[in-house]
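Here are the chains, one letter per residue:
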Amino acid sequence: MTVVYLSYNKSVLPYNLSCIKRLIFIMFILFSITAYGESLDSSYTLQADNVEYSSKKHLLIAKGNVELFRKDYLLTANKVLYDKKNNKAFAYGKVVLIKPNGEELYADSLELDNNLTETLAFELKVRFEDGNIFTAKRARSYPDRIIFDKATYSPCKICKTHNPQWQIRSSKIEYIKKKNTIYVNNFFDIYGITSFYLPYLRVASHDSPPRSGFLFPSYYSHKKIYGYGITIPYYLRISDSNDFLYSPTVTTKKKILHSGKYRFMLQKGNTNTVSFDYIKSKQQTNPSSPKDRFYIRSNFNHRFDSKFSLNSDIETVSDKSYIKNYRDENVNYLKSFVNLNYFTDSSQFNGSAHHFQELRTADENYNTNITVAPRFRYDKTVISRNSRYYIKSDAINMIKEKGGNTSKVNLELDWDNSYAFHNHKIETSKIVYLDLYKFSNITTDTPASYKKKYTYSRIIPELAIAWKYPFILANNISLTYIEPLIKFIASPADVHNDKIFNEDSQEIELNDSNLFNNNRYSGSDRLEEGLRVNYGIVGSGQATSRMYPKYNFVFGQGYRLKKGGDYSFNSGLRDRKLSDYVGRLSFKTSYITDFHYLFQIDQENHKFRRNEISSMFNFDLPNKNLQKLVLDAKLSSYNYKHNPKDKNDLNNIKKSVSLSGTLYFFKEWYLTAGIVENFDKKKARPIESKFALGYNGQCTKIALSAINNNTSDAARGIMKGGFTYNFEILLKNIND
């Protein structure tokens, strides 16, 4: 049923209601055509101050505040005219069309003709639902396209007081529904100033589905190794779950650096990738570097169900200097792995294979590629009242290019108990380590005490008892939790570390994170031995003052009944019963995001041997043009002299500074600067300095950066010094 509401002047001639209905029907045809062919139903409302109809001229006229409604559609104008004889409809004066999806059309006049299939608008502006704005002197609308004459386009906010950040002025713009938008004879304006000219430009329409095509070049760079470069990306849409981005960089010295990334999805939420770089290089920084240089990496993640999952990260490179020279990354090795995981509430199984590609020079100790395949891990936890049982098992087969192969099984059985009485807490831990090793193909450059091939096993028990007395200090200023702690650990005086190749345990450096650990070695090949005691205090608090709202701290020391152990001089444990003092102080305030101070104090002369400070400050600035200042600082100093009285022993006195800051201003701009330097007693050694200027606007993103890296390695072919410049510009709906 059709419902019509009319407001009219009774003094005018009687009108024909069927003609009015015809007008309404025609207007909704206009509605649908302008809205690109939307379907109609029969519910509509027409309102106007005055409606006139001439039966002689077959002409119906609605004047004054004309409004036409259809569901959530709205068309308004000063005047609407329907010419029944010529089958045309016209709207004049402040014509506005608003769609339910937010699209808006503004025009001085609108005309519908050619059997109700075409529209013609003058002096119009169209705002699509994504914010894109087209203006034109004239526009012709067809069922599948709109053609704008003498038009402009901009996704930026347009104000009456100033020009948009950027816009395109074209003699013609043709919008093809769900396909392309074509720009002809284009001038690119930045804040109203013509910057460059493009005779032809074709981009995907805002409502088009993803598809293949060139992307607007947005990345420009300069590196010492290849000169100036511009990246021209091409996007290949393979299917809804597969695509490929090819991003070649054309350079002035090395021709083309090919880069690509293939993405595919096997299940919702998991995107898998294969990416690569490749360049054919004739001029080598290192004679041993190959002419065909590349880097390949793939990531794969798949979950079969709630318990089973498979994931991998595989990467390889053609030579040792490629990643540093071409990708600006400092890495010592590449790690590849494939994992099959099984999880339950109390257990975890992992089967995996690993490969380590060494990137360090041949004269270093760790200079061989390593393959670990297979590796099986199984962990299980059982909780019963105040007891907790752990089973940790690890089986590894390791193959090295040189230095010998290792097969081993490590099993750890752990039984923990916890008791509490009168604020005291007692925690006990009973551990048994069972290790079985098989070494083979041992080369002559390994220690003489090892044979070419042998098998070794060990069973090591360990008992640990910890006493804690937590208490709370509360007053009007703060609330502080403090917990004194003493842990006694007993294990055999000799755990036979010297019989086992150390493949996975890093040298110990006593610090706040491992102060109270039973075994401070990171892996399973090395165990601490003998009777020892760790003691100290930990705490945290919340202050009522905004200046110091949150803080935590650790301080303590270790004691050994006998000197010894395979400790480095820098560990704070070497050749002494009492270890160095170590600690940490951390806090946060309203303007300090994070502050951490770590220290190590020599227990003999009470001088600081290590100081590390890392902090981040976040200041809100009162100036309307300067919004925020963010500072990030990392300072460290090390005094690990073997002989404190030896003035010539300078190799173990080092300092490093890393400072960076970012200033946010004019709401959308930022400025970043940073420096990294190392120091010793003789001189400063600059490592890296950087500078960046950027803009993050509503419709434009610009980033300019300069990085000067002073690290080098002639043996690996890593070039020294030189600035790397990068410039990136992203324009909304052109780079998208």
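Model, not experiment: these values are computed from the prediction.

Caption draft 1: Inspection of the overall build of the protein at higher detail. Along the protein, the regular secondary structure elements total two helices and 42 strands. By the burial criterion, 42% of the 736 residues in the protein qualify as buried. Of all intrachain contacts in the protein linking residues separated by at least 6 positions in sequence, the fraction that spans at least 24 positions is 46%. Counting only carbon and sulfur atoms, one obtains 56% of the accessible surface of the protein, whose full area is about 40,300 Å².

Caption draft 2: Spotlight on the pairing of strand 27 (residues 405-421). Across twelve bridges, the pairing between strand 26 (residues 387-400) and strand 27 is antiparallel. Directly across from D394, in strand 27, lies its bridge partner N410. The antiparallel pairing of strand 26 with strand 27 creates a hairpin that spans four residues between the two strands, and G403 there sits at a positive phi of about 105 degrees. Where strand 27 folds back onto strand 28 (residues 424-440) in an antiparallel hairpin, the turn is made up of two residues, including H422, whose phi is positive at roughly 50 degrees.

Caption draft 3: A look at the pattern of salt bridges. Inspection of every chain in the model, using the stated rule, returns 33 salt bridges. We note a salt bridge from E509 to R610, for which the minimum N-O separation is 3.8 Å. Taken as a pair, E509 in the loop between strand 31 (478-490) and strand 32 (532-543) and R610 in strand 36 (residues 608-620) lie far apart in primary sequence, 101 residues in all. Relative accessible area serves as the criterion here: at 1%, R610 is assigned to the buried category. Beyond isolated ion pairs, a larger network of salt bridges with shared partners links R576, D580, D602 and R609.

Caption draft 4: Expanded view of the state of the cysteines. In the structure shown here, the tally under the stated rule is one disulfide. There is a disulfide in this structure between C156 and C699, and the S-S distance comes to 1.8 Å. With the S-S bond torsion at 95 degrees, the cross-link from C156 to C699 turns out right-handed. Residue C156 is found in the loop between strand 9 (145-154) and strand 10 (166-176), and its partner C699 is found in the loop between strand 40 (684-696) and strand 41 (700-709); the two are separated by 543 residues along the sequence. Classification of C156 as buried rests on a relative accessible area of 2%.

Caption draft 5: Highlighting the pairing of strand 35 (residues 592-601). In terms of burial, strand 35 is largely enclosed, as seven of its ten residues are buried. As consecutive antiparallel partners, strand 34 (residues 581-588) and strand 35 are separated by three residues. Where strand 35 meets strand 36, nine bridges bridge the pair, whose relative direction is antiparallel. Residue I601 lies in a different strand from strand 36, and its bridge partner there is F608. Once strand 35 ends, the chain turns through six residues before running back antiparallel as strand 36, passing H606 with a positive phi of about 60 degrees.

Caption draft 6: Representation of unusual backbone geometry in the model. Here the bond from A373 into P374 is cis, since omega is -5 degrees, no more than 30 degrees from zero. The phi angle at N65 is positive, at roughly 50 degrees, despite the residue not being glycine. Of note, N65 is situated in strand 3 (residues 59-70). Residue N65 is classed as exposed on the basis of its relative accessible area of 56%.

Caption draft 7: Structural detail: empty space enclosed by the protein. A full pass over the atoms with the stated rule returns four cavities of 30 Å³ or more. Considered as a void within the structure, the largest cavity measures approximately 70 Å³ in volume. Considering the residues around the largest cavity, the lining is formed by twelve residues, among which L105, T119, L124, A139 and S141 are closest to the centre. Elements that contribute at least two residues to the lining of the largest cavity include exactly strand 6 (104-113), strand 7 (118-127), strand 8 (133-142) and strand 9. Here the element with the most residues in the lining of the largest cavity is strand 7; it accounts for five residues.

Caption draft 8: Layout of a nonpolar patch on the surface. A grouping of F349, F376, Y378, I391 and L413 is seen on the molecular surface, where their side chains present a nonpolar patch of about 400 Å² in accessible area. Residue position: F349 is located in strand 24 (residues 347-358).

Caption draft 9: A look at the packing of aromatic side chains. Tallied over the full model, the rule gives 35 aromatic pairs. Here W166 and F188 contribute two aromatic rings whose centre-to-centre distance is 5.4 Å and whose plane-to-plane angle is 10 degrees, an arrangement assigned as stacked. With W166 in strand 10 and F188 in strand 11 (residues 180-190), this residue pair connects regions lying 22 residues apart in the sequence. When sorted by exposure, W166 lands in the same class as F188, which is buried. Taken together, a centroid distance of 5.9 Å and an interplanar angle of 35 degrees make the contact between Y220 and F727 tilted. You can see Y220 sitting in strand 14 (residues 219-223) and its partner F727 sitting in strand 42 (residues 723-731), a full 507 residues away along the chain. In this structure an aromatic cluster arises from ring pairing among F134, F148, Y153, W166, Y183, F188 and F196.

Caption draft 10: Representation of the nonpolar core. L124, F148, W166 and Y183 are the most contacted members of the largest nonpolar core, which has 40 residues in total. Excluding residues within four positions of it along the chain, F148 makes contact with L124, V126, F134, A136, R138, A139, S171, K172, I173 and Y175.

Caption draft 11: Quick look at the environment of Q267. Within the fold, Q267 resides in strand 19 (residues 256-267). Spatially, the C-alpha atom of Q267 lies 9.4 Å from that of N301, the residues being 34 residues apart in sequence. With residues up to four places along the chain from it excluded, the contact list for Q267 reads H302 and R303.

Caption draft 12: Just the environment of S522, in detail. Inspection of the secondary structure assignment puts S522 in the loop between strand 31 and strand 32. Each C-alpha atom, one on S522 and one on E507, is 8.4 Å from the other, the two residues being 15 residues apart in sequence. Among the polar contacts made by the side chain of S522, one reaches the main-chain amide nitrogen of Q506 at a distance of 3.2 Å.

Caption draft 13: Representation of the confidence of the model for the protein. With 86% of its residues at a pLDDT of at least 70, the protein reaches an overall mean of 83. The low-confidence segment residues 1-22, where pLDDT is below 50, has 44 contacts with residues more than four positions distant or belonging to other chains.

Caption draft 14: Here's a closer look at the side chain of S579. One can find S579 in the loop between strand 33 (550-560) and strand 34. S579 sits in the buried class, given a relative accessible area of 1%. From its side chain, S579 meets the backbone nitrogen of G558 in a polar contact 2.7 Å long. Setting aside its immediate chain neighbours within four residues, S579 contacts L510, Q557, G558, G572, L573 and Q603.

Conventions we followed
- Numbering of residues starts from 1 in each chain and follows the order in which that chain's sequence is written.
- Per-residue local features are limited, in this predicted model, to residues with pLDDT of at least 70; the limit for side-chain atom pairs, both in listing and counting, is 80 or more; totals at the level of whole chains, interfaces and linings are taken over all residues.
- Based on all heavy atoms of the structure, the side-chain values leave hydrogens and waters out of the count.
- Helix and strand labels come from DSSP, where a helix needs a run of H or I of at least four residues and a strand needs a run of E of at least two; each type is numbered from the N terminus.
- Accessibility here uses a 1.4 Å probe with only protein chains present; expressed as a share of the type maximum, an area under 20% marks a residue as buried, one over 50% as exposed, and anything in between as partly exposed.
- Residues count as neighbours in contact if any of their non-hydrogen atoms are within 4.5 Å of one another.
- Computed with a 1.4 Å probe, the accessible areas rest on the Shrake-Rupley method; for each residue, only the protein chains presented here act as cover.
- In this description, strands pair whenever DSSP reports at least two bridges between them.
- Here a salt bridge means any side-chain nitrogen of Lys or Arg lying within 4 Å of a carboxyl oxygen belonging to Asp or Glu.
- The term disulfide is used for any two cysteine sulfur atoms that are within 2.5 Å.
- Whether a set of points on the 1 Å grid over the protein atoms alone is a cavity depends on a 1.4 Å probe fitting there but being unable to get out, while an open set qualifies as a pocket with protein on both sides within 12 Å along at least five of seven lines; lining residues are those with an atom within 4 Å of a point.
- Grid points are joined across faces, edges and corners, and a volume is the space filled by probe spheres set on the points.
- Nonpolar side chains (Val, Leu, Ile, Met, Phe, Trp, Tyr) are joined into patches within 5 Å and like charges within 9 Å, using only residues with over 30% relative accessible area and no salt bridge.
- Note on aromatic contacts: the rings of Phe and Tyr and the six-membered ring of Trp form a pair at centre separations within 6.5 Å, being stacked when their planes are under 30 degrees apart, edge-to-face when over 60 apart, and tilted otherwise.
- Buried Ala, Val, Leu, Ile, Met, Phe, Trp, Tyr and Cys residues that are joined via side-chain atoms within 4.5 Å together make up what is termed a nonpolar core.
- Think of a polar contact as two N or O atoms within 3.5 Å of one another; within protein, one of them needs to be a possible hydrogen donor and the other a possible acceptor, and neighboring residues in sequence only count if both atoms come from side chains.
- pLDDT is a per-residue confidence score from the predictor, ranging from 0 to 100.

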